[in-house]
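# Commentary on secondary and tertiary structure
Chain residues, written in single-letter form:
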Amino acid sequence: MQMRAPPCSFFWALIILSSIPARVDGCDFSQSVCGAHASGDVVIGIMLPCHRKVKALQERIRPESFHCLDFDLESFLRSLAAIHEIETINAAGFLPGVRLGYLMCDTCSSASKALQNVGHMLEVNGSFNVMCDYTDYRPRVKIVLGALHSEVSIVVARLLTVYMVPLLSSTSSAPDLSDKLRYPVFMRTIPSDKHQTKAVATIMHHFGWNWVGVVYGDDEYGSAAFQSFLGDAEANSVCLAYQEALPSYLDHPLSPQRIKRVAEQIRSSDAQVVLLILKIELVEVLFQEMIRTNTSRTWIASDAWSKSRVLARMEGINKVGDILGFTFVSEKSETFDNYLKNLTATPGGYNRFIEEYKNLRFNCSSECFSSKPPSYCPTPDLLRIKSANACTFKDPQEENDDFLVKTLDTSETFLHKVAVRATANALKKLLKCNSSSCLGEINFPPWKLLKELKKVKFEFDNQNFYFDENGDFVSFYDLIMWEQDGHHRRFQKIGKYNVLDEEIKIDIENIIWFSTANTTIPQHRCSERCAPGSVKKILNIYCCYNCTPCLEGTFADAWDLHICKACPNGTWSLKGWAQCMPRSESYLRWKDAHPIIMIAATVFGLVLLFVTFIVFLVYRDSLPMKRAEVRLSCIMMAGLSVSFASVICFMGKPSVHLCRARQVMYALGFTLCVSCVLVKAYRTFLAFLPFGQMTCRRLNKLYKPTVIVIVITALQGIICLLWLIFDSPDIDPTPPSPQSMIKLIQCSEGPTYIGFGFMLVYIALLALLGFLLAVKGRKVPQEFSETGYIIFSMLMYLFVWVCFIPVYITNNEHASPVQASAILVSTYGIIFCHFLPKCYEALRGSKTDTLESILRRWRVISSQKVDLVTDVHIPEMNTSSVTSNRFSITSTTTILKTLETLSEVSPTDSEVIITPVSNKKMHAYTKIGTKLRRCRSISI
């Protein structure tokens, strides 16, 4: 029979399609459909998806029960936050005498499943009666908290509007839900997406990103947010390179094909910024495609996935690039974390979702980890939450741990707790509660609670909350960035967007961007705005043009000019400069740090030489000083002083005279020093190394210290003179590079550098010769030898100048400080390796043996084990050799052969007898049974 009143017939049809009787064939559908319940005086409905999808929804033909798949940890956590806050309110006695209960139903992310849940929530006494007037309709559930997705909230809000049951969401942000004509019962603890899209466009404008792509879902949430973004993008001068829509459900038959098409569009486009207004499931599949193809972009996340731990822990998530997003207000709660560590159902109630979670976490199911798991096993993603000790537990329902706290971001549930608090504050007004009791009627029509909820204002966690005229919270967004955390990502708050004044505050000083690999903000534009220093060349595409920098010697001093201007005389500009400036002069200024350090080192070296000179004079009669040849050492000090003085000529603004003086001073001073070192090495070489008499006499004739020093230094003087005449140092005439604003004023060591090279090579050859002579005599008794000091000082000089040459050649701009530093190091090397040890010996008081004690050790008595006397005769010495205290000792090392043994006789095994003989030949006498094998002559 047809109903007479059209509205009543509409309601009747609606109930038939969307509700199910409370009990059919003895089955309690309220328990099977709604998986968590706790009784109370006022029951709050919780409608959140603890599962991500409905099995084979696209194949559904008969009105069978819904089978949900893929347990959703993050949404499960949101439901636990609401339940925990209800229990906290009850425990605190916030509503005296009134206990809050809850009925939680799983939407499985499906609007149809959500409508089924509504039918169970709104039943009265186990049935759902159809009426034409619901003013006095009093269901057990007075308010519904949810849903998660805007698409589901829109459908549920449409139905609840019939009964005026308030729907309070903490995640549904579609702008359409602010329309109170269509959704008068809907309210939310978050701002509308119209503010979020404005925030997204503002952040793009702030970073200068004006060339972006947009991918959105084809549901109400995605479409509405995209339309809102179009207007905000235009207002902020942001252009769209492309726009793509994806089916909102992965089970859609066209989803795989569309996702690949969108991924190809992202890869082929030159737009590096992509705004994703999608659900988590779609973003996950799209990112998998990006990771597979190694595609990196800068992603802007909508609130639906901006803090998704599932995405943040994806394998290869670091390959997709930078991710920024806006999220709602969040706060950490220690009491909620403790609740999660000791998770149990409310006493007197039940929670099938907690049971399912504990089975996934603690139930032993080793067969599910095999290569061919049974069909009842959960997906590989859900198997990852399995505890490593699962097979050691007897009863999974009795176990607990901190997995949820460590794995998920518990602060993200803050607004769900705020929704419960808002409901409790509205109930407190409605029930007329005081400090001891609540006087109002408990079983009230839901529309009364809706009326109070719109007016509620309260404080929670030191923050004030209230609803605006559209039923939205007016607060702010947190801007977060996904930072690298090993192979995963973590969420870092970098800014805040205030909804009221539409201002954004950002702090990204220490943020490392994937795009630039440093703290530099990436620039993603179709065309950069032509800054001063460049001019623009317009193209045909809006937001796209070319900026051409001004060449050297020209400039552009304003934004977006079309032509560059020439620099006035005496000034210059680099490529892309906005103004012309005089070139600055560069040289070693007296007030700069480097010259000050070198001058201090020079002064210290001169003082050190002066102190050393004093020590040598005071202790000139001591044995160490006699061996060091005080006169030669003083000449060396004079040469080193001149070398130190040459360093001063490297400072200040160069001139022709300074350029010439510094090189000549160094060349002559250091040559003088090295020539003295060479004399000392030659003296040791002659005195202690074995040579024949003829050779020894010839070499002795060459030992003329004064002549050697004068000749060597004079040769260096001739080299310098020829250098000054034919290849003289001068001010470097090389003009500055067009790409440089620095006019380098420095000395050029001649047009060909030949004289400079000869000077350095000459000193190096002298040092090398002295080094080789010292090495040759390194085994001479240390009492009469300076070979160790000579070796180290010359080795340091050679090392310094070998290092100097490549640095000098490759770094022409710093040639002067490099050479000055090399002079200082090599000069200090001689002081520390040559003079200071002698000063130390003199000050300490040398215990070095005298000549007589040395010779005494050379005269030894043969061992009693070897009956041998060896006479070694030394040719007579002439008068000149005696006068100069020079004589020859020939030691003979013999090897004795007997009938039974072979032994070596060292100089300590035989007696050396020094006797004058004729110049004809040397006679050695040995007893019978021995044989002379080797003879060595050492001259002193």
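Here the residue numbering is sequential within each chain, running from 1 through the sequence in written order. At least 70 in pLDDT is required for a residue's local features to be given in this predicted model, at least 80 for side-chain atom pairs to be given and counted, and no such filter applies to totals for whole chains, interfaces and linings, which use all residues. Here the side-chain values reflect all heavy atoms present in the structure, with hydrogen atoms and water set aside.

### Some details on the nonpolar core
In plain terms, the rule: The set of buried Ala, Val, Leu, Ile, Met, Phe, Trp, Tyr and Cys residues whose side-chain atoms join them within 4.5 Å is what this entry labels a nonpolar core. The classification of residues rests on relative accessible area computed with a 1.4 Å probe and restricted to protein chains. Under 20% of the type maximum is buried, over 50% is exposed, and intermediate values are partly exposed. Strands are runs of DSSP state E lasting at least two residues, helices are runs of H or I lasting at least four, and both sets are numbered from the N terminus onward. Working rule for contacts: check all heavy atoms of both residues, and any pair within 4.5 Å makes them a contact.
Within the largest apolar cluster, 129 residues are counted, with the highest numbers of intra-cluster contacts made by F76, M204 and L404. Of the residues forming this core, the biggest block, 10 residues, is contributed by helix 15 (residues 414-430). When near neighbours in sequence (up to four residues on either side) are disregarded, L404 contacts L73, F76, L80, L340, L343, Y357 and T410.

### Brief notes about the pattern of salt bridges
Applied cut-off: For salt bridges, the criterion is a side-chain nitrogen of Lys or Arg within 4 Å of an Asp or Glu carboxyl oxygen.
According to the stated counting rule, one finds 28 salt bridges in the structure shown. In this structure, the salt-bridge partner of D402 is K406, at a minimum N-O distance of 3.4 Å. Residues R490 and D485 are paired through a salt bridge, measuring 3.4 Å at the closest nitrogen-oxygen approach. In the salt-bridge network here, residues are joined through shared partners; they are E264, R267, E289 and R292.

### A short note on the packing of helix 3 (residues 73-92) against helix 12 (residues 352-362)
We apply this condition: Axis definition: a line fitted to C-alpha atoms, limited for helices to the stretch in contact. Angles are taken between N-to-C directions and run from 0 to 180 degrees. Every angle not falling under 35 degrees, over 145, or within 65 to 115 is termed oblique; those three ranges are roughly parallel, roughly antiparallel and roughly perpendicular. By definition, turning the near helix anticlockwise from the far helix through less than a right angle yields a left-handed crossing, and turning it clockwise yields a right-handed one. In this count, Pro and Cys sit with the nonpolar residues alongside Ala, Val, Leu, Ile, Met, Phe, Trp and Tyr, while Asp, Glu, Lys and Arg are called charged and the others, Gly among them, polar.
It is the contact of helix 3 with helix 12, at a shortest axis distance of 11 Å, that shows an interaxial angle of 140°. It follows that helix 3 is oblique to helix 12 by the angle criterion. Of the two elements, helix 3 crosses helix 12, and the hand of that crossing is left-handed. Where helix 3 approaches helix 12, its residues L73, F76 and L80 are matched on the opposing element by F353, I354 and Y357. Grouping the amino acids of the contact of helix 3 with helix 12 by side-chain chemistry returns 6 nonpolar, no polar and no charged.

### A look at the pairing of strand 12 (residues 239-246)
Condition: Only strands that DSSP links by at least two bridges are regarded as paired with each other.
Judged from the 7 bridges that link them, strand 11 (residues 211-217) and strand 12 form a sheet pairing that is parallel. Within strand 12, the residue paired with W211 across the bridge is C239.

### Points about the layout of surface pockets
Selection criterion: Cavities and pockets were defined on a 1 Å grid built from protein atoms only: a cavity is a group of points that admits a 1.4 Å probe but offers it no way out, a pocket is an open group of points flanked by protein on both sides within 12 Å along at least five of seven lines, and a lining residue is one with an atom within 4 Å of any such point. Grid points are joined across faces, edges and corners, and a volume is the space filled by probe spheres set on the points.
For the second largest pocket, the calculated volume is near 1,000 Å³. Lining the second largest pocket are 38 residues, and of these R52, E284, V310, T379 and D381 lie nearest its centre. Counting residues per element, the ones that place at least two in the lining of the second largest pocket are strand 5 (51-54), strand 6 (68-71), helix 3, helix 9 (280-292), helix 10 (309-312), helix 13 (380-383) and helix 14 (403-407). Top element by residues in the lining of the second largest pocket is helix 9. It accounts for 5 residues. Partitioning the lining of the second largest pocket into residue classes produces 15 nonpolar, 10 polar and 13 charged.

### Let's talk about the sheet that holds strand 8 (residues 141-146)
In sheet architecture, strand pairing relies on hydrogen bonds along the backbone and comes in two forms, parallel and antiparallel. On the basis of which strands lie adjacent, the open sheet formed by 7 strands has the order 10-9-8-4-7-3-16 and mixed pairing. Of all the strands in the sheet, just strand 10 (186-188) and strand 16 (350-351) have a single pairing partner and so form its edges. Across 5 bridges, the pairing between strand 4 (residues 42-48) and strand 8 is parallel. For V43, the partnering residue across the bridge sits in strand 8 and is V141. Sheet strands in contact with helix 3 are strand 4, strand 7 (100-106) and strand 16, and its direction is about 170° off that of strand 7. Against the sheet, helix 16 (residues 446-455) engages strand 8, strand 9 (167-169) and strand 10, with an angle of about 50° to strand 8.

### Quick word on unusual backbone geometry
The omega torsion across G146 and A147 is 0°, close enough to zero to call that bond cis. For A147, the location among the structural elements is in the loop between strand 8 and helix 5 (150-163). The backbone of M164 shows a phi angle near 55°, a positive value even though the residue is not glycine. Tracing the backbone shows M164 in the loop between helix 5 and strand 9. If you check the backbone angles, A517 has positive phi at about 65° while not being a glycine.

### A word on the sheet that holds strand 13 (residues 273-277)
Overall, mixed pairing links the 8 strands, which are arranged 12-11-13-14-15-19-20-21 in an open sheet. Sheet topology places strand 12 and strand 21 (503-506) at the edges, where each strand pairs with a single neighbour. Sheet twist, expressed as the average angle between the axes of neighbouring strands with direction ignored, equals 25°. Judged from the 5 bridges that link them, strand 11 and strand 13 form a sheet pairing that is parallel. The residue of strand 13 that forms the bridge with V214 is L275. Contacts from helix 8 (residues 255-268) reach strand 11, strand 12, strand 13 and strand 14 (298-301) within the one sheet, and its direction differs from that of strand 12 by about 165°.

### Re the state of the cysteines
Rule in force here: Pairs of cysteine sulfur atoms within 2.5 Å are identified as disulfides in what follows.
Tallying each qualifying case throughout the model produces 11 disulfides. A disulfide bridge connects C68 with C108, and the sulfur atoms are separated by 1.7 Å. Since a negative S-S torsion denotes a left-handed disulfide, the C68-C108 link at about 85° is right-handed. Here the residue C68 occupies a position in strand 6, and C108 occupies one in the loop between strand 7 and helix 4 (111-121), the gap between them amounting to 40 residues. With relative accessibility at 22%, the residue C68 sits in the partly exposed group. Judged by relative accessible area, C108 falls into the buried class, the value being 1%. Residue pairing for C526: its cysteine sulfur links by disulfide to C544, the two sulfurs lying 1.5 Å apart.

### Considering the environment of A424
Positionally, A424 belongs in helix 15. Residues A424 and L453, 29 residues apart in the sequence, show an inter-C-alpha distance of 9.4 Å. Setting aside residues no more than four positions away along its own chain, A424 makes contact with I89, F94 and L95.

By themselves these figures say nothing about function.
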